[in-house]
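Each chain, letter by letter, is given below.
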Amino acid sequence: MRRAFIKAVTRLAEEREDVYLLTGDAGFTILEDFRARFPDRYYNIGIAEAAMVGTAAGLALAGKQVFVYTIAPFATMRCFEQVRVDLCYQKLPVKLVGVGQGVTYGSAGATHHAIEDIGVMRVLPGMTVICPGDPREMAETVRRSISLEGPCYIRLGKSGEPVIHQKEGIDFSIGRGIVLERGERVALIATGNMLPEAVKTAAALKKKGFQPEVISMHTVKPIDAELIEETAGRCALIATLEEHNLIGGLGDAVGGVILEKNLPARLVKFGIPDAYAATAGCQDYLRECFGLGVGQMTEKLLGVLSED
Amino acid sequence: MDSTDQLRETSRRIRKHLVRMHRRGSHFGSAMSIADILTVLFFRVMNIPSPGDPDRDRFILSKGHAASALYATLATKKFFDESVLERYLHDGECLYGHPVAKSLPGVEVSSGSLGHGLAIGVGLALAAKNDGKSYRVFVLMGDGEIQEGSVWETAILADRLRLDNLIAIIDANNLQGFDRVENIQPISTFRRKWEAFGWGVEEVDGHDHAALLEAFGRVPFRPGAPSVIVARTVKGKGVAEMEGRFESHYLSVPADRVEDWLREIDEKS
């Protein structure tokens, strides 16, 4: 995902002279090519997130399209108030890019996990929140972020995420979920790096005779209420999948739509149960700790489906 | 009138606006404190042919709580009608207690949370350099404000980027929310701190127009380095019973004092 990101930003920088990339001293082995090709539009601001976001705001006031890249918790929470005042209050089109969504950084520990970032970015007026589900969505996100009038937060993992959309030229627009598979009775709505897990969970449910709908809800804000309504017409059980606290993320966004529109659907939220990782562990291990393993989610859904 | 007489007349006009405006709201003292700095900047130092000119010098009021002084200056500069000032803090109007970018001609940046303006100034100054533009960026901060860590993150950055088109001004009135600044976080080493961070530093009397002009005329103080002017000021300057009182951070102008204070400002040279 990081490679898809930098490739897309590099292409943009080739096309447009106003594209800048700032990093908070993160992105070793990822950003070097950009630095070499665009030395006047690449700045390693150092370990100074508040200064970095403020600088991005100043550049944006001067008409620049600025991508701000660092590890997700530091991009969103260390400098939260700069994001709020300098970017959101001023409606500046700065793209905040957080690396290491959820528990991507595994054994590094919870300082490096981003489990609150979607929540804290969602509550900011005017902030768009995008968690691309695969490298193709990532590339589209970068390309289309340029036309946003206000700030956005782009959440990405690290490297090696699988390509989920098999064909290029996916039908992608910010704020519109993508239906990967149409289904009935049960829908899996995933964001970010849980999209591959949703696909695997859907495959497991298929083996049990179900026909799940699979949706990539890459944009958590604004949430695609229309698609949720449509899906609820086919699926009485909606499951949300996110590597994020169960409070404040995709599940709550979808749940809000279900309640507000009075949709006839039951919601099952998969996410991190309001806790920091209690032990060291790799991403897969921690996912299991939080009930985010494919087997665990499949079992839970089968249980709910059997209640009907 | 010679040049400094005109400036004195301008700052009197701004201060009188402030007395009338501050029948509402707080931060009267904070605004009076910077009236001379703004006068010199907007009427002599900065090049702003019009608020929308792409090559204009940029001004960032980082100590956003003195917004009224910015509004009064911009109105005196005729960027908008002076009658607009009567709507300061009124319901449904755009004269907020802390400035909002583009709410009025000449208001460049939203501020109010301290410690933000300098980094925004760095971004603007960096864009000017890269775009080959000659505009300069002026950022006015409070002396309490520079207790914010983000100021020092940015101080390091501006030095490294060699932004000699960035000029910070510290309104050093030595008063903040609870007490004298020096009793809360000692600031006696302003000069040494900024110099240690690579900046060129000058200290001036922030109410002496000639001294301010002279200092602004010499920036950058060090070749290739950002500059900071430590302007020694008096909170509430212009109204004797408010001068040097930290309460002037909070108090509104009492309705029955307005005429007396206007007269006092007029009578002062």
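For the structure itself, consult the block above.
All of the points below concern the structure found in this document. (Residues numbered from 1 in each chain as written. Chains lettered and ligands numbered in written order. Predicted model: local features only at pLDDT ≥ 70, side-chain atom pairs only at ≥ 80, totals over all residues. Heavy atoms only, no water.)

**Here's the deal with helix 8 (residues 195-207) of chain A**
Residues and elements named next belong to chain A. We count it as follows: To qualify as a helix, a DSSP run of H or I must reach at least 4 residues; to qualify as a strand, a run of E must reach at least 2; elements of each kind are numbered from the N terminus. Expected helix span is given by 1.5 Å per residue-to-residue step, counting one fewer step than there are residues. Throughout, exposure labels follow a simple rule: accessible area from a 1.4 Å probe, protein chains only, divided by the maximum for the residue type, with under 20% read as buried, over 50% as exposed, and the rest as partly exposed.
The end-to-end C-alpha distance of helix 8 is 19 Å, a good match for the 18 Å that 13 residues give at a rise of 1.5 Å each. Three or more residues of helix 8 are buried, namely Leu-195, Pro-196, Glu-197, Ala-198, Thr-201, Ala-202 and Leu-205. Phi turns positive, to about 95 degrees, at Gly-209, one or two residues after helix 8.

**Here we look at unusual backbone geometry**
Looking along the chain, the bond that leaves A:Lys221 and enters A:Pro222 is cis, with omega of -5 degrees. One can find A:Pro222 in the loop between strand 10 (219-221) and helix 9 (225-234). For the bond running from B:Val219 to B:Pro220, omega is -5 degrees, close enough to zero to count as cis. Considering the arrangement of structural elements, one finds B:Pro220 in the loop between helix 9 (209-217) and strand 5 (227-232). Within the chain, A:Thr29 stands out as a residue other than glycine whose phi angle is a positive 75 degrees.

**Here we look at helix 6 (residues 149-160) of chain B**
For an α-helix, 3.6 residues make a turn, and residues three or four places apart therefore share a direction. So the rule is basically this: In this analysis, two residues are considered to be in contact whenever any of their non-hydrogen atoms come within 4.5 Å of each other.
The first and last C-alpha atoms of helix 6 of chain B sit 17 Å apart over twelve residues, in line with the 16 Å expected at 1.5 Å per residue. Here the buried face of helix 6 of chain B lies against helix 3 (49-61) and helix 5 (80-89) of chain A together with helix 5 (117-130), strand 2 (137-142), strand 3 (166-172) and helix 8 (190-196) of chain B. Among the residues trailing helix 6 of chain B, B:Arg162 stands out with phi positive, at a value near 55 degrees.

**Details of the interface of chain B and chain A**
What counts here: Summed over both partners, the accessible area (1.4 Å probe) lost when two parts come together is defined as the buried area. The salt bridge criterion pairs a side-chain nitrogen of Lys or Arg with a carboxyl oxygen of Asp or Glu, the two atoms within 4 Å. Polar contact criterion, stated in full: a pair of N or O atoms within 3.5 Å, where within protein one must be able to donate a hydrogen and the other to accept it, and residues adjacent in sequence count only if both atoms are side-chain atoms.
Taken together, the contacts link 26 residues of chain B with 24 residues of chain A. When chain B packs against chain A, the two sides together hide about 1,900 Å² of surface, and 58% of this comes from carbon and sulfur. On the chain B side of the contact with chain A, B:His116, B:Ile120 and B:Glu153 bury the most area, a combined 26% of that side's loss. On inspection of chain B and its partner chain A, the count reaches one salt bridge. Measuring nitrogen to oxygen at the nearest pair gives 2.8 Å for the salt bridge that ties A:Lys64 to B:Asp131. Our count for the chain B to chain A interface comes out at twelve residue pairs in polar contact (both at pLDDT 80 or more).

**Notes on the state of the cysteines**
All names here are of chain A. What counts is decided by this rule: Cysteine sulfur atoms that come within 2.5 Å of each other are treated as a disulfide pair.
Summed over all chains, the structure comprises zero disulfides over all chains. Cysteine Cys-152 shares no disulfide, and the gap to the nearest cysteine sulfur, in Cys-88, comes to 10 Å. The buried category is assigned to Cys-152, whose relative accessible area is 1%. With no disulfide of its own, Cys-282 lies 9.1 Å from the sulfur of Cys-289, the closest cysteine sulfur. By relative accessible area, Cys-282 is classed as partly exposed at 45%.

**Details of the pairing of strand 4 (residues 200-205) of chain B**
All names here are of chain B. In plain terms, the rule: Any two strands with at least two DSSP bridges between them are considered paired. When the strands point away from the viewer and the connection leading from the first strand across the helix to the second strand turns clockwise, the crossover is called right-handed.
Of the pairings in the sheet, the one linking strand 4 to strand 5 comprises six bridges and is parallel in character. Bridging across to strand 5, Gly-200 finds its partner in Ser-227. Between strand 4 and its parallel partner strand 5, the chain crosses via helix 9, and the hand of that crossover is right-handed.

**Some details on the environment of B:Glu214**
Residues and elements named next belong to chain B. Mapped onto the elements, Glu-214 comes out in helix 9. Considering only alpha carbons, one finds Glu-214 and Val-204, ten residues apart in sequence, at a separation of 9.4 Å. At 2.7 Å, the side chain of Glu-214 forms a polar contact with the side chain of Arg-218.

**Section: the packing of helix 8 of chain A against helix 12 (residues 294-307) of chain A**
All names here are of chain A. Heads up, the rule is: Interaxial angle, 0 to 180 degrees, is taken between N-to-C directions of lines fitted to C-alpha atoms, where a helix line uses only the stretch in contact. These descriptions rest on fixed angle ranges, namely under 35 degrees for roughly parallel, over 145 for roughly antiparallel, 65 to 115 for roughly perpendicular, and the rest for oblique. Note on convention: near helix rotated counterclockwise from far helix by under a right angle means a left-handed crossing. Clockwise means right-handed. Each residue gets one label: Ala, Val, Leu, Ile, Met, Phe, Trp, Tyr, Cys and Pro are nonpolar, Asp, Glu, Lys and Arg are charged, and the others, such as Gly, are polar.
The contact between helix 8 and helix 12 brings their axes to 9 Å, and the two run at 50 degrees. Accordingly, the angle class assigned to the pair helix 8 and helix 12 is oblique. When the axes of helix 8 and helix 12 are compared, the crossing they make is right-handed. Counted together, Glu-197, Lys-200, Thr-201, Ala-204 and Leu-205 of helix 8 and Val-294, Met-297, Thr-298, Leu-301 and Leu-302 of helix 12 form the full contact between these two elements. Looking at the contact of helix 8 with helix 12 residue by residue, the class counts come to six nonpolar, two polar and two charged.

**Let's talk about the sheet that holds strand 10 of chain A**
The strands making up a sheet are joined through hydrogen bonds of the backbone, oriented either antiparallel or parallel. All names here are of chain A. Spatial strand order, 2-1-3-4-6-5-10: seven strands in an open sheet with mixed pairing. Two strands lie at the open edges of the sheet, namely strand 2 (42-44) and strand 10, each paired on one side alone. Direction aside, neighbouring strands of the sheet carry axes that sit 20 degrees apart on average. Where strand 5 (residues 128-130) meets strand 6 (residues 152-156), three bridges bridge the pair, whose relative direction is parallel. Bridging across to strand 6, Ile-130 finds its partner in Ile-154.

**Let's talk about the sheet that holds strand 3 of chain B**
Residues and elements named next belong to chain B. Reading across the sheet, the five strands line up as 1-2-3-5-4 and stay open at both edges, with parallel pairing between neighbours. Looking at the sheet topology across the chains shown, the edges are occupied by strand 1 (58-61) and strand 4. Mean inter-strand twist for the sheet, computed between neighbouring axes without regard to direction, equals 20 degrees. Packing against the sheet, helix 3 (residues 35-45) makes contact with strand 1, strand 2, strand 3 and strand 5, and its axis sits at approximately 175 degrees to strand 2. Helix-sheet contacts for helix 9 involve strand 2, strand 3, strand 4 and strand 5, and the interaxial angle to strand 4 is about 170 degrees.

**Remarks on the packing of aromatic side chains**
Geometry of an aromatic ring pair is reported as the spacing of the ring centres plus the angle between the planes. Worth spelling out the cut-off: Think of it this way: a Phe, Tyr or Trp ring, Trp meaning its six-membered ring, pairs with another when their centres are within 6.5 Å, and the plane angle makes it stacked under 30 degrees, edge-to-face over 60, tilted otherwise. Any Lys NZ or Arg CZ found within 6 Å of a ring centre and within 35 degrees of that ring's normal is scored as a charge over the ring.
Applying the stated criterion across every chain, the model contains eleven aromatic pairs over all chains. Ring centres of A:Phe5 and A:Tyr69 lie 5.4 Å apart, and the angle between their planes is 20 degrees; this geometry places the pair in the stacked category. Separated by 64 residues along the polypeptide, A:Phe5 in helix 1 (residues 2-15) and A:Tyr69 in strand 3 (residues 65-71) bring together distant segments of the chain. A:Tyr69 shares its class with A:Phe5; the two are buried. Its guanidinium or amino end placed over the ring of B:Tyr135, B:Arg58 lies 4.0 Å from that ring's centre, counting from NZ or CZ. Sitting over the ring of B:Phe43, B:Lys77 keeps its end group 5.3 Å from the ring centre.

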